[in-house]
Amino acid sequence: MPPTAMGSVDQPAQARAFRALHQRPGIFVMPNAWDAGSARLLAAAGFAALGSTSAGIAFSMGWPDGDARMTRERMLAQVQAIAAAVPQPVSADLESGYGATPDEVGQTIRLAWQAGVVGANLEDATGQPARPLFDLPEAAERLRAARAAADALCPDFTLTARIDSFLVGAPQPLDDALRRAEAYRAAGADCLFVPGLRDEATIRTLVEAVGLPLTVVMGLTGNPLTVPRLQELGVRRVSIGGSLARAACGLIRRAAEEMAVHGSFGFADQQIPDGELCRFFAEEQP
């Protein structure tokens, strides 16, 4: 079990603040961190809330996204480090809930609250090629268990249902996503997250049909949509998923190739000076 969040943090107040971001007009960007250092750098830019990225956390451990070695305990230990590092509310990427049963999913939510987060994403992807998505009744039951666990701790905990119909290539993905959105709203989801959307018409259809704040993921190559345009389409929350972590890995690989092939160190032009970073990380958090 991860350590309990520090007692100085007013977690219920953070939960209320995070929920309010979804209820007010407009849009907000919630970038995704994979460790305490990346969380603090993102927090300093003034974002109102941060998310964790399960993919980025896996990459930082040298594992692929969704690796079986990433247990609930390991993931929550990293999530706790992120939440403890910043004053902003943090929402956790909890994949499909780290449990085979709804009761186990509920326990994951309880442990996530202990780790200091005030919201969580739960996806309906199984990770099994033969059955890429949980059957709708089962997926809804898992969300109901998560909702019940969250309400027992803090009614303002923001539960985000991630719908992976587009990512897994479901037949008629829009129709499938709309069916799931209706069921997940009834099961207690506060927000819907539908990754894999690329065209404005589909985004607008979902915004108008789902009846809950919609989250989309940006940072994928080839997608020209911007925050102002997403706001015009009615999107409420923007995630960047693991894209920033992948970009950091890209820098490391390019630097390694430069050193190995050319014997040069041009990558260093992009670094933050040591003294500046030390001063930044030495600062007390608000």
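Residues numbered from 1 in each chain as written. Predicted model: local features only at pLDDT ≥ 70, side-chain atom pairs only at ≥ 80, totals over all residues. Heavy atoms only, no water.

Quick word on the nonpolar core
The condition is simple: Take the buried Ala, Val, Leu, Ile, Met, Phe, Trp, Tyr and Cys residues and link them wherever side-chain atoms come within 4.5 Å; each set so joined is a nonpolar core. Exposure is judged per residue with a 1.4 Å probe applied to protein chains only, and the accessible area is read against the type maximum: over 50% gives exposed, under 20% gives buried, and values in between give partly exposed. Residues are treated as being in contact if the distance between any of their heavy atoms lies within 4.5 Å.
In this structure, Leu 94, Ile 109, Leu 192 and Leu 230 are the most contacted members of the largest nonpolar core, which totals 70 residues. Each residue touching Leu 94, except ones within four places of it in the same chain, is listed here: Leu 76, Thr 108, Ile 109, Ala 112, Ala 120, Asn 121 and Leu 122.

Notes on the confidence of the model for the protein chain
Under the convention used in this document: Values of pLDDT, ranging from 0 to 100, describe the predictor's confidence in every residue of the model.
Looking at the protein chain as a whole, the pLDDT averages 95, with 97% of positions reaching at least 70. Low pLDDT (under 50) marks residues 1–7, which in the prediction has 17 contacts with non-local residues, meaning those over four places away or in another chain.

Observations concerning a nonpolar patch on the surface
For the record, the criterion: Each patch is built from residues lacking any salt bridge and having more than 30% relative accessible area; the joining distance is 9 Å for like charges and 5 Å for nonpolar side chains (Val, Leu, Ile, Met, Phe, Trp, Tyr). Areas reported here follow the Shrake-Rupley algorithm with a probe of radius 1.4 Å; residue values treat only the protein chains shown as occluding. Take a side-chain nitrogen of Lys or Arg and a carboxyl oxygen of Asp or Glu: if they are within 4 Å of each other, that pair is a salt bridge. The numbering of helices and of strands both runs from the N terminus, where a helix is a DSSP run of H or I of at least 4 residues and a strand a run of E of at least 2.
Together, Leu 41, Ile 272 and Phe 281 make up a nonpolar patch on the protein surface, roughly 230 Å² of accessible area in all. Structurally, the position occupied by Phe 281 is in helix H11 (residues 274–282). Classification of Phe 281 by relative accessible area gives partly exposed; the value is 33%.

So, the layout of surface pockets
Condition: Using a grid of 1 Å spacing that covers the protein atoms alone, one calls a set of points a cavity when a 1.4 Å probe fits there but cannot get out, and a pocket when the set is open and has protein on both sides within 12 Å along at least five of seven lines; lining residues are those with an atom within 4 Å of a point. Grid points are joined across faces, edges and corners, and a volume is the space filled by probe spheres set on the points. Residues are grouped as follows: nonpolar covers Ala, Val, Leu, Ile, Met, Phe, Trp, Tyr, Cys and Pro; charged covers Asp, Glu, Lys and Arg; every other residue, Gly included, is treated as polar.
Taken as a whole, the largest pocket spans an internal volume of roughly 780 Å³. For the lining of the largest pocket, the secondary structure elements donating two or more residues are helix H3 (54–60), strand E5 (119–123), strand E6 (125–128) and helix H10 (243–262). Residue contributions to the lining of the largest pocket peak at three residues, all from E6. Its boundaries defined by the atoms lining it, the second largest pocket holds a volume of some 580 Å³. Elements that contribute at least two residues to the lining of the second largest pocket include exactly helix H2 (36–43), H10 and H11. Residue composition of the lining of the second largest pocket, grouped by class: 14 nonpolar, four polar and one charged.

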